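The primary structure of each chain is shown beneath.
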Amino acid sequence: MQFLTNGQLDRRWIFLGMLLAIASPILLQVTFPEKPSPKTIDVFNAIDQLSESSRVVIACDFDPASAGELEPMISAIVRHCALKRHRMIFLTLWLPGAPVIKSNIRMLVDEFPDYRSGIDYVDLGYQPGAEVVLKVLTSNFKKQCSSDTSGRNTADLPITAPLTTIQQVDLIVSVSTGFPGTTEWVQYVGSPHKVKMVGGTTAVSAPSLYAYIPRQLISVLGGIKGAAEYERKIMDHYPQLEANQSAREGIRRMGPQFMGHMLVVTLIVLGNILFFVEKRKGTDR
Amino acid sequence: MKADKLLAGILLVLGLLVIIRASSGDMGMVYTRAVSTPSDAPPELRWTKYEAATPIESNEPGVAVSWPRTLGLWIAALLTLAIFSFLLGDNVLYKLAEALFVGVSAGYAMVAGIYDGIVSKLLSKLAPGLIRDSLIPGIPETVEPDWLYVIPLILSGMLLWRLSPKGGWISRWPIALFIGTTAGYRMVTYFEADFVGQIQNTIVPLLVFAADGSFDGVQSIKNILMVTGVLSTLTYFFFSVEHVGIVHRVSRLGIWFLMITFGVGFGMTVMGRIALLAARLEFLFDDWLWLIDPLNRRS
Amino acid sequence: MMKRTIPVMIASIAGLVLVVAHFIPPAQSWADEVSSWFQILAAVAFILGGASLFKIHLQKISDQRPGWGYSALTIVAFTVTLIVGIFKIGVPPSESFPSMPWSGDYVGDGGVLWWIFTYIFTPLNATMFALLAFFISSAAFRAFRAKNTEAMILLVTATVVLLGQTYAGTLLTGYDWINPHLQLKSIVDEWLMPVFNASGQRAIKIGIALGIVSTSLKVLIGTDRSYLGNEE
């Protein structure tokens, strides 16, 4: 007890505790049941209630650093759109977002081989300029995205040919972390032009988006919890996904999440108990 | 000292286990399937694409171990461990990994800037024919050079002048364009979405009645709390008024609402960081060490 | 005039064109042109950044300052990535234009840049941030103290969120005899996030918006010239 109160505890022991807390559920493949929250259900309904073949813009605005939280989320969204036969327009405002789009398209084509490039989906790649890109998209879509990553003119592709502005799409799904991200999509596209939007962000960014709900942003998925709930909701609605282990990535990560949270709560409580004990000792003296 | 020796011993044992497993081919192998593509092109224009495959497909035609990707996987795993070694203290391995990261990031950013910015947005305007014949075949034949884009070409050159030891002021012109553009866009956007929009979001009924006319007490309480929270927090932010009397009490309430906001933020931050760690450990245990197989790729 | 007046004029005119275009749609085409130029300059800024990095590390190597070896590695990594990326080494043509060898995406599958991104950039980027989980746990033990009422509110809220966002919330309160609205998960999903958190976030956004508007206005009318630097 002495070494705890005197601040002599080597922090590497805490690191080891965290490592064991996260590694054990992964190795033992512990999972827990998930119950979708109202916000998750709103995101689900926004995509599910669109008519078949609706145009959905999917903005993959994140880098590998946030892939741990957002990759399961975006995979689930892409799968859901494919199950509803929606047409998907992929683009990113982040430099490292381009390979993220490619890996999701690979998954899409793998699981839904009848999806055709240029007709059912298109990869518009990285668009430099952050929020300025969004502004141009709202006035002249083809000026901003004149070609896709395969070098084809967007005016020639059935999926993008009719689009003059981004407001013409049926839904925008922004999966993002930091700047530029869902906040900028709301500020420059969703709010001023009343375009239907849902968001998916890291847990760090999610709280700030609640200020926009529901008038400027339909709803938001927050972090790995949001991803896990969304996966559960899709599987409840489309039972054929139960056999697809790739569709449970978020649910799998909630096992280590549980242990990690318990450890942090324990450390906070323990730290405060020791603080008050020390304080009392100091007062008694 | 004892703890350090114990740690070194554990790491040595783990390292030996990894070497033994690796030499028996029981971990860290990446398989690919060779596919001739595109399928609708004449044979002389086709090439071989290597798609990801799983070990259980290894007996299928075209599926084999991909040595470049296997090497890549091992490099990725060792780099991951090198970064994690920072937890034991700053060391050479971490610094090497960090230096590599800085170099690769900068190089990647430059390549993306060249292709997605300069080629796609500038050169395709100034020399559409050349770009059409080489890099972006989809540019229509009817597109003529747009000489207005000489202006951003000149501004780009002026921006790069920043690298010169003399004449640094030359780069102020393009930087001014950056600043002016950002200021112009943000002034209107933030006013609409974050000022007017948020005020609109806050104007909600304090007594809520459902469509059938019944009183919704829960939603009413939520709305009252929400409006109270926004107004009291804004009162706290009014630093030009002295916080005494009623203003002090209301701003104190605002601080409490802010503390709840920050508490939510902290809880969610912890959740986010743990998820990132779980993802990296999953990579090490599944893709590299083959200790788990959640996607049934090996059994 | 060239060093200060013209840049201030450029900033003001560019910004004003964009503001006017918002209210007079026929002026939108001018705004789109300015925006296109902005994007080109944003891309050139990456080149400037890369070149700057090259210059700094090369200087460190030539001066033989401590740690110059790491700078050498940075330069080698930078140069290799740049060359394989610019020359699209290993990148196949676009499947839509198979006869055009340079039409493929620079980060297309199978290319060397793709390999570098997947096996070097991704693990390094992801693991750097994964380290934070360890530091946050250490900070939780050493620094998060409920020293006063406000800190207590923050920590209690954080604890409720941490428990409610995992199965712990269900284990502690997910029983039929507890009112569903009072279960930890519901407290987080129906009260903390959309009511308390949203109200605080709204007030913060309003404050930030006013700050941004006033700063932007100062730039547009030429009062704020801090972006020009301190040189004459």
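Residues numbered from 1 in each chain as written. Chains lettered and ligands numbered in written order. Predicted model: local features only at pLDDT ≥ 70, side-chain atom pairs only at ≥ 80, totals over all residues. Heavy atoms only, no water.

**Notes on the overall build of chain C**
Selection rule: Elements are defined by DSSP. Helices are runs of H or I of four residues or more, strands are runs of E of two residues or more, and each kind is numbered from the N terminus. In this setup the radius of gyration rests on C-alpha atoms only. A globule is expected at 2.2 Å times the number of residues raised to 0.38. Each residue's exposure class comes from its accessible area (1.4 Å probe, protein chains only) as a fraction of the maximum for that residue type: buried when under 20%, exposed when over 50%, partly exposed otherwise. Whether two residues touch is decided by their heavy atoms; if any such pair falls within 4.5 Å, the residues are in contact. Per-residue and other accessible areas follow the Shrake-Rupley method at a 1.4 Å probe size, with only the shown protein chains counted as cover for residues.
Within chain C, the secondary structure is distributed over 7 helices and 0 strands. When the elements of chain C are put in sequence order from the N terminus, they spell out α-α-α-α-α-α-α. In terms of C-alpha radius of gyration, chain C reaches 27 Å, well past the compact-globule figure of 17 Å for 232 residues. Seen through its principal axes, chain C has C-alpha atoms that stretch 70 × 50 × 50 Å. In chain C, which comprises 232 residues, the share counted as buried stands at 55%. Here the contacts in chain C between residues at least 6 apart in sequence split such that 33% fall between residues at least 24 apart. Carbon together with sulfur atoms contributes 70% to the accessible area of chain C, which is approximately 10100 Å² in total.

**Brief notes about the overall build of chain A**
This is how it is decided: We score Asp and Glu as negative and Lys and Arg as positive, and we do not count His or the chain ends. Just so you know, the charge point we use is NZ for Lys, CZ for Arg, CG for Asp and CD for Glu.
Counting its secondary structure elements, chain A contains 11 helices and 6 strands. Each of the three principal axes of chain A carries a C-alpha extent, and together these read 80 × 40 × 30 Å. Counting all 285 residues of chain A, 68% fall into the buried class. Counting 29 positive and 26 negative side-chain charges, chain A places the averaged centre of each group 4 Å from the other.

**Describing the confidence of the model for chain A**
Short version of the rule: The quantity known as pLDDT measures the predictor's confidence residue by residue, on a range of 0 to 100.
On average, chain A scores 93 in pLDDT, and the residues at 70 or more come to 96%. Within chain A, the lowest mean pLDDT, 56, falls on helix α1 (residues 2-5) of chain A, and the highest, 98, falls on strand β2 (residues 87-92) of chain A.

**Some words on helix α6 (residues 172-202) of chain B**
Residue and element names in this part refer to chain B. The condition that has to hold: The span you would expect from a helix comes to 1.5 Å times its residue count less one. The quantity called bend is, for any residue, the angle between two axes fitted respectively to the seven residues ending at it and the seven beginning at it.
Between its first and last C-alpha, α6 extends 42 Å over 31 residues, near the 45 Å set by a 1.5 Å rise per residue. At F191, α6 shows its maximal kink, close to 35°. In terms of burial, α6 is a largely internal element, 24 of the 31 residues being buried.

**Section: the sheet that holds strand β3 (residues 63-65) of chain B**
All names here are of chain B. Stated precisely, the cut-off is as follows: Between any two strands, pairing holds if DSSP finds at least two bridges. Angular values range over 0 to 180 degrees, each being the angle between N-to-C directions of two axes fitted as lines to C-alpha atoms, with helices fitted over their stretch in contact.
Strand order in the open sheet formed by 3 strands is β2-β1-β3, with antiparallel pairing between adjacent strands. Two strands in the sheet have a free side with no partner beyond their single neighbour: β2 (47-53) and β3. Across the sheet, the axes of successive neighbouring strands diverge by a mean angle of 40°, strand direction being ignored. Of the strand pairs in this sheet, strand β1 (residues 31-37) and β3 are connected by 3 bridges, and their pairing is antiparallel. The partner of T32 across the bridge, within β3, is A64.

**Thoughts on the sheet that holds β2(A)**
Backbone-to-backbone hydrogen bonds join strands into a sheet, with any given pair of strands oriented parallel or antiparallel. Residues and elements named next belong to chain A. Pairing in this open sheet of 6 strands is parallel, and the strands run β3-β2-β1-β4-β5-β6 from one edge to the other. At either end of the open sheet lies a strand with only one pairing partner, and these are β3 (121-126) and β6 (219-222). Between one strand axis and the next, the sheet turns through 15° on average, direction left out of account. As judged from the 5 bridges shared by strand β4 (residues 171-176) and strand β5 (residues 197-201), these two strands associate in the parallel manner. Paired with S176 across the bridge in β5 is T201. Along the sheet face, helix α3 (residues 38-48) touches β4, β5 and β6 and points at about 120° away from the line of β6.

**Regarding the interface of chain C and chain B**
Where we set the bar: Note on definitions: buried area is the accessible-area loss of two parts on being combined, 1.4 Å probe, summed for both. Salt bridges are defined as contacts in which a side-chain nitrogen from Lys or Arg sits within 4 Å of a carboxyl oxygen from Asp or Glu. Throughout this description, a polar contact denotes any pair of N or O atoms lying within 3.5 Å of each other; where both atoms belong to protein, one of them has to be capable of donating a hydrogen while the other can accept it, and for residues adjacent in sequence the pair is counted only when both atoms sit in side chains. Amino acids are sorted into nonpolar (Ala, Val, Leu, Ile, Met, Phe, Trp, Tyr, Cys and Pro), charged (Asp, Glu, Lys and Arg) and polar (every other residue, Gly among them).
With 116 residues of chain C at the contact, the number on the chain B side is 122 residues. Interface of chain C and chain B: buried area, both sides summed, is about 11400 Å²; carbon and sulfur atoms make up 81% of it. Summed over the shared surface of chain C and chain B, the number is 2 salt bridges. Of the charged contacts in the structure, one is a salt bridge between B:R252 and C:E150, with a shortest N-O distance of 2.5 Å. At the boundary of chain C with chain B, the tally comes to 16 residue pairs in polar contact (both at pLDDT 80 or more). Where the side of chain C that touches chain B is concerned, the elements lending two or more residues are α1 (5-23), α2 (28-63), α3 (68-86), α4 (112-142), α5 (149-164) and α7 (184-220) of chain C. Class assignment of the residues belonging to the side of chain C that touches chain B gives a composition of 81 nonpolar, 23 polar and 12 charged.

**Topic: empty space enclosed by the protein**
Where empty space is left becomes clear once a probe the size of a water molecule has been rolled over the atoms. Test applied: Cavities and pockets are found on a 1 Å grid laid over the protein atoms alone: a cavity is a set of points where a 1.4 Å probe fits but cannot escape, a pocket is an open set with protein on both sides within 12 Å along at least five of seven lines, and a lining residue has an atom within 4 Å of such a point. Grid points are joined across faces, edges and corners, and a volume is the space filled by probe spheres set on the points.
Counted according to the given criterion, the structure contains 3 cavities of 30 Å³ or more. There is about 320 Å³ of room inside the largest cavity. Surrounding the largest cavity, 25 residues form its lining, A:S147, A:D148, A:T149, B:Y115 and B:D116 being those nearest its centre. Elements supplying a minimum of two residues to the lining of the largest cavity: β3 of chain A together with α3 (92-126) of chain B. Sort the elements by how many residues they give to the lining of the largest cavity and α3(B) lands first, with 5 residues. In the lining of the largest cavity, the residues fall into 10 nonpolar, 10 polar and 5 charged. Counted as a void, the second largest cavity has a volume near 160 Å³. Every residue lining the second largest cavity is counted, 16 residues in all, and those nearest its centre are A:S37, A:Y210, A:G222, C:Q165 and C:D189. Secondary-structure elements contributing two or more residues to the lining of the second largest cavity are α3, β6 and α10 (223-237) of chain A together with α7 of chain C. Looking at side-chain class alone, the lining of the second largest cavity contains 7 nonpolar, 5 polar and 4 charged residues.

**Quick look at the state of the cysteines**
All names here are of chain A. Quick reminder of the rule: Two cysteine sulfur atoms make up a disulfide if the distance between them is within 2.5 Å.
One pass over the structure, following the stated rule, counts 0 disulfides over all chains. Its sulfur unpaired, C81 is 11 Å from the next cysteine sulfur, which belongs to C60. Among the cysteines around C145, which has no disulfide bond, C60 carries the closest sulfur, lying 13 Å off. For C145, a relative accessible area of 0% corresponds to the buried category.

**A short note on the packing of α1(C) against α2(C)**
Residues and elements named next belong to chain C. Note the cut-off: In what follows, roughly perpendicular refers to angles from 65 to 115 degrees, roughly parallel to angles under 35, roughly antiparallel to angles over 145, and oblique to any angle outside these ranges. By convention, the crossing between two helices is left-handed when the near helix turns anticlockwise from the far helix through less than a right angle, and right-handed when the turn is clockwise.
Where α1 contacts α2, the axes come no closer than 8 Å and their chain directions differ by 140°. Judged by the angle between their axes, α1 and α2 are oblique. Note that α1 runs across α2; the crossing there is left-handed. Contacts from A14, V17, L18 and A21 of α1 reach α2 at Q28, W30, A31, V34 and S35. Taken together, the residues of the contact of α1 with α2 sort by class into 7 nonpolar, 2 polar and no charged.

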